[in-house]
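Overview (structure and organization)
Spelled out from the first residue to the last, the chains are:
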Amino acid sequence: MNYTAKLSLTLLFVFSFFGIQAQISNINLTIDPICQPNCSPFIYHWQSDPSLCSAFINSDAQEPIQAILQVSIIEENIGQIAFAESEIIEFPQGPNQMVINNSNYFNYEVLEYLPEYEDIILTTGTLPEGSYEICYTFLHVQSGELLGENCTYFDILFPDPPQLIYPGSFDSPFLTEENQFPNFQFSPINYSSSPVYYQIKVAEVLENQNKQEAFEINPAHYETLLIDQYSFIYPEDAFPLETGHTYCWGIVTLNPEGFPITQLSEVFGFVSNFDNSY
């Protein structure tokens, strides 16, 4: 190959390279991410409620450009806990605006979780409590060149569990009324979605057990599921609360899909003082 041919080939490569660079760089792309300060921990909310996190994208391209979006969700103590990647996104020639929200990228075909946390996330349907950063990155499809990137922050906090009111107490077990059918009462949780399911368990506390241990390992003496209801009267057709016996009770809150909304409530203990021997 003579010098002229080599030079022509070299110039063709250089012009081709810079032609691609010009095509790639001929877009003005800005990303403005916004998240609610406190976001839901529930995956189904990220899939269905578009108001949690959004990215407002403004582009001005001299010619159509194809890109992919990568979304990284990073917990400050864990690292990147979730990663999503879009299919090809088309930026048309000229000014253009688009909004991409969490209900988009949590339904992408490529959605991966950190392997050490994947089973926990998929089993509980929740992201861990903590402080997070979310980053949106646009890459050119052909070259992989970075077109634009921006990040923002949010926290994930679980709602406080319901507060038990009656019967019993957290410290000293007692039942102030000699009532065979006490009225169990508790405060609702502060939660924006409805309905909330309150799964209530009453268990007997056996000898040498504390309330927490009895609640966790003993079978239910009585259990019920309330929907947006914050009290119930112990039913007449349930196993009776026997006089002199110690009982405990607590609540787990669930969403309609059966995933827990809060941690277990505190466990109250009480002694039944009703004489049902006659």
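Computed from a predicted model, the values in this text were never measured in an experiment.

Looking only at helices and strands, the protein chain features 5 helices and 17 strands. Every one of the 278 residues in the protein chain was classed for burial, and the buried ones make up 42%. Residue pairs at least 24 apart in sequence account for 70% of intrachain contacts in the protein chain once pairs closer than 6 positions are excluded. Summed over its atoms, the accessible surface of the protein chain is roughly 15,000 Å², and 52% of this surface lies on carbon and sulfur atoms.

Formed by 37 residues in total, the largest nonpolar core has its most connected members in F91, Y105, F138 and F154. Take this core: its biggest share by element is 5 residues, from strand 4 (residues 65-75). Not counting the four nearest positions on each side in its chain, F154 is found in contact with C35, Q36, P37, C39, W46, C53, I73, G130, S131, Y132 and I134. One finds L164, V196, L241 and I251 within the second-largest nonpolar core, a separate group that totals 23 residues.

Here 3 strands make up an open sheet; going across it, the order is 11-12-15 and the pairing antiparallel. Here the strands that pair on one side only, and so sit at the sheet edges, are strand 11 (164-166) and strand 15 (231-233). If you compare each strand with its neighbour and ignore which way they point, the axes differ by 20 degrees on average. Sheet analysis places strand 12 (residues 183-186) next to strand 15, joined by 3 bridges and oriented antiparallel. Pairing of Q185 across the sheet is with S231, part of strand 15.

This next bit is on the sheet that holds strand 17 (residues 268-271). Spatially, 4 strands are ordered 14-13-16-17 in an open sheet, and the strand pairing comes out antiparallel. Looking at the sheet topology across the chains shown, the edges are occupied by strand 14 (222-227) and strand 17. Between one strand axis and the next, the sheet turns by 20 degrees as a mean value, whatever way the strands run. Sheet topology places strand 13 (residues 197-204) next to strand 14; 6 bridges connect them, and they run antiparallel.

Next up on the list: helix 4 (residues 115-124). Residues spaced three or four apart along an α-helix face the same direction, because each turn holds 3.6 residues. Judged by how many residues are buried, helix 4 sits mostly at the surface: 1 of 10 residues are covered. Positive phi appears at G125, one or two residues downstream of helix 4, with a value of about 70 degrees.

By the definition in use, this model includes 2 disulfides. The disulfide bridge from C35 ends at C53, spanning 2.0 Å between sulfur atoms. Between C35 and C53, the S-S torsion sits near 120 degrees, and that sign places the bridge as right-handed. On the criterion of sequence distance, the pair formed by C35 in strand 1 (residues 27-35) and C53 in strand 3 (residues 53-61) is long-range, its members being 18 residues apart. Judged by relative accessible area, C53 falls into the buried class, the value being 0%. Two residues share a disulfide in this structure: C135 and C151, whose sulfurs sit 2.1 Å from each other. The S-S bond linking C135 to C151 shows a torsion near 110 degrees; that makes this disulfide right-handed. With C135 in strand 9 (residues 130-140) and C151 in strand 10 (residues 146-156), this residue pair connects regions lying 16 residues apart in the sequence. Using a relative accessible area of 24% as the deciding quantity, one classes C151 as partly exposed. When the bonded cysteines of the protein chain are numbered from the N-terminus onward, they pair as 1-2, 3-4.

The next subject is the environment of E85. Relative to the elements of secondary structure, E85 occurs in strand 5 (residues 79-85). Taking relative accessible area as the criterion, E85 reaches 24% and is therefore assigned partly exposed. As for E85 and F138, which are separated by 53 residues in sequence, their C-alpha atoms are 9.8 Å apart. In contact with E85, other than residues within four places in its own chain, are I68, L69, Q70, Y108 and V110. Of the polar contacts made by the side chain of E85, one reaches the side chain of Q70; its length is 2.8 Å.

Let us look at the pairing of strand 9. For strand 9, the buried fraction is high: 9 of the 11 residues fall into the buried class. The sheet contact formed by strand 9 and strand 10 spans 10 bridges and is antiparallel. Among the inter-strand pairings, S131 is bridged to a residue of strand 10, identified as D155.

Moving on to a nonpolar patch on the surface. A cluster of nonpolar residues, I34, F56 and V99, forms a patch on the protein surface that exposes about 260 Å² of accessible area. Among the structural elements, I34 can be located in strand 1.

About the criteria used
- Residues numbered from 1 in each chain as written.
- Predicted model: local features only at pLDDT ≥ 70, side-chain atom pairs only at ≥ 80, totals over all residues.
- Heavy atoms only, no water.
- Helix = DSSP H or I, 4+ residues; strand = E, 2+ residues; numbered from the N terminus.
- Buried < 20%, exposed > 50% of the residue type's maximum accessible area, 1.4 Å probe, protein only.
- Contact = heavy atoms within 4.5 Å.
- Areas by Shrake-Rupley, 256 points an atom, 1.4 Å probe, with all protein chains shown as cover.
- Core = buried A, V, L, I, M, F, W, Y, C linked by side-chain atoms within 4.5 Å.
- Pairing = 2+ DSSP bridges.
- Axes fitted to C-alpha atoms, helices over the stretch in contact; angles between N-to-C directions.
- Disulfide = S-S within 2.5 Å.
- Polar contact = N/O pair within 3.5 Å; in protein donor to acceptor, adjacent residues only side chain to side chain.
- Patch = residues over 30% accessible without salt bridge, like charges linked within 9 Å, V, L, I, M, F, W, Y side chains within 5 Å.
- Salt bridge = Lys/Arg side-chain N within 4 Å of Asp/Glu carboxyl O.

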